[in-house]
Amino acid sequence: MSAEFELCPGRKIGGSHPCFIIAEIGQNHQGDIEIAKKMIRMAKDCGADCAKFQKSEIEHRFTKQALERPYTSPHAWGPTYGAHKHHLEFSHQQYRELQQYANEVGIFFTASGMDEMAVEFLHEINVPFFKVASADTNNIPYLEKTAKKGRPMVISSGMQSMETMRCVYQTVKKHNPNFTFLQCTSAYPLPLEHVNLSLIPEFQKEFPDIPIGYSGHETGIHVSVAAVALGAKVLERHVTLDKSWKGSDHSASLEPAELAELVKAIRTVEVAMGSPIKQMLPCEASCHSKLGKSVVARKPLQKGQTLTLDMLTVKVAEPHGMRPENIFKLVGKKITVNLEKDAIITDAIIQD
């Protein structure tokens, strides 16, 4: 069983705790704070645990040349990449406003710190945990500074190797015991053959003392439900109000009805996971009473006879007798009463 820890106040992950579901709003808000608030409310109404954004201090995240390059994508919000990113970036005051709104709505609020200065700001506003985006997972100086702040960390693994993830584990573990890895493939939308859900149990074997989760960029909800069935303790999915909107993430995002169905399906699967102990359950008593079989006499038998296998058979009987799996234990034993054909065999008529 994976380790558990408190990811948000009063909300633990790992162990037998429910999967923590993150609605990744990212920058699907189109740079409009009112749309962002609608998406926070949507995430809450659909049953997600957390609404998450992406925070950048743009001049710290990108080089001057990267910001000045022309940006001609159909998803562009400006003529240069810098103008595009600035359009989608909320100010510090707007982040505080969104955080306050999330508190009023009753949903946890955080963001991926896309650079070290963004992490400093998120630490300042007291987010419950830091999300490390895949692009920063091998950014060791960033990881060390973030881990030392002591907040729980959720770390995606897109574009990384297992060797790199081992290095990440050692780096973070030295400073912070409370973190989780998410299996992730960084493609939008993600082809099914590259989801690699098989890595969830591999991560669990490789890092048995931390919870493992899944960050999905595929379309639909089925894969994400399967991830939870495989043991994902944190699930992150991008969300949108409309997949047709401008922005490269929308096509790999879930609209409200899909998010609500995903949360419902996950909670259903969690109940169905049940217990790893195999035993007859109380709910099976009625079926067993009607259909359960017992060992009976294949033919009339006389008191004192020594039982052989050809004297016995298995049938549905009333009342029940000895369970069928014990039939071989009866061979060589003597009976203490006369038995008619189909009479049940019980411990009470077997000579010690």
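Bear in mind that the values here come from a model prediction, so they are computed numbers and not experimental data. (Residues numbered from 1 in each chain as written. Predicted model: local features only at pLDDT ≥ 70, side-chain atom pairs only at ≥ 80, totals over all residues. Heavy atoms only, no water.)

Novice: Would you take a moment to explain the state of the cysteines for this structure?
Specialist: Should the sulfur atoms of two cysteines be covalently bonded, the bond is a disulfide. Counted under the stated rule, the structure contains zero disulfides. The closest cysteine sulfur to the non-disulfide-bonded Cys 46 is located on Cys 50, 14 Å from its own sulfur. Accessibility expressed as a relative area gives 11% for Cys 46, which makes it buried. You can see Cys 167 has no disulfide; the closest cysteine sulfur is in Cys 184, sitting 18 Å from it. Cys 167 gets classed as partly exposed once you look at its relative accessible area, which sits at 40%. (Disulfide = S-S within 2.5 Å. Buried < 20%, exposed > 50% of the residue type's maximum accessible area, 1.4 Å probe, protein only.)

Novice: Which parts of the structure should I look at to understand the packing of aromatic side chains?
Specialist: Pairs of aromatic rings are described using the distance from one ring centre to the other and the angle between the two planes. Following the criterion strictly, the structure yields 15 aromatic pairs and no others. Arranged with centres 5.0 Å apart and planes meeting at 80 degrees, the rings of Tyr 71 and Tyr 81 form a pair that is edge-to-face. Taken as a pair, Tyr 71 in the loop between α3 (64–68) and α4 (81–88) and Tyr 81 in helix α4 lie far apart in primary sequence, 10 residues in all. Each member of the pair, Tyr 71 as well as Tyr 81, is classed as buried. For the pair Phe 179 and Phe 181, a centre-to-centre distance of 5.6 Å together with 55 degrees between the ring planes defines the contact as tilted. The buried category is assigned to Phe 179, whose relative accessible area is 0%. Each member of the aromatic cluster is reached from another via a ring pair, and the members are Phe 53, Phe 90, Tyr 95, Phe 109 and Phe 121. Just above the ring of Tyr 81 sits the side chain of Arg 69; from NZ or CZ to the centre is 4.5 Å. For Lys 246, the ring lying beneath its charged end belongs to Trp 77, and the centroid distance is 4.3 Å. (Phe/Tyr/Trp six-rings, centres within 6.5 Å; stacked < 30°, edge-to-face > 60°. Helix = DSSP H or I, 4+ residues; strand = E, 2+ residues; numbered from the N terminus. Lys NZ or Arg CZ within 6 Å of the ring centre and 35° of its normal.)

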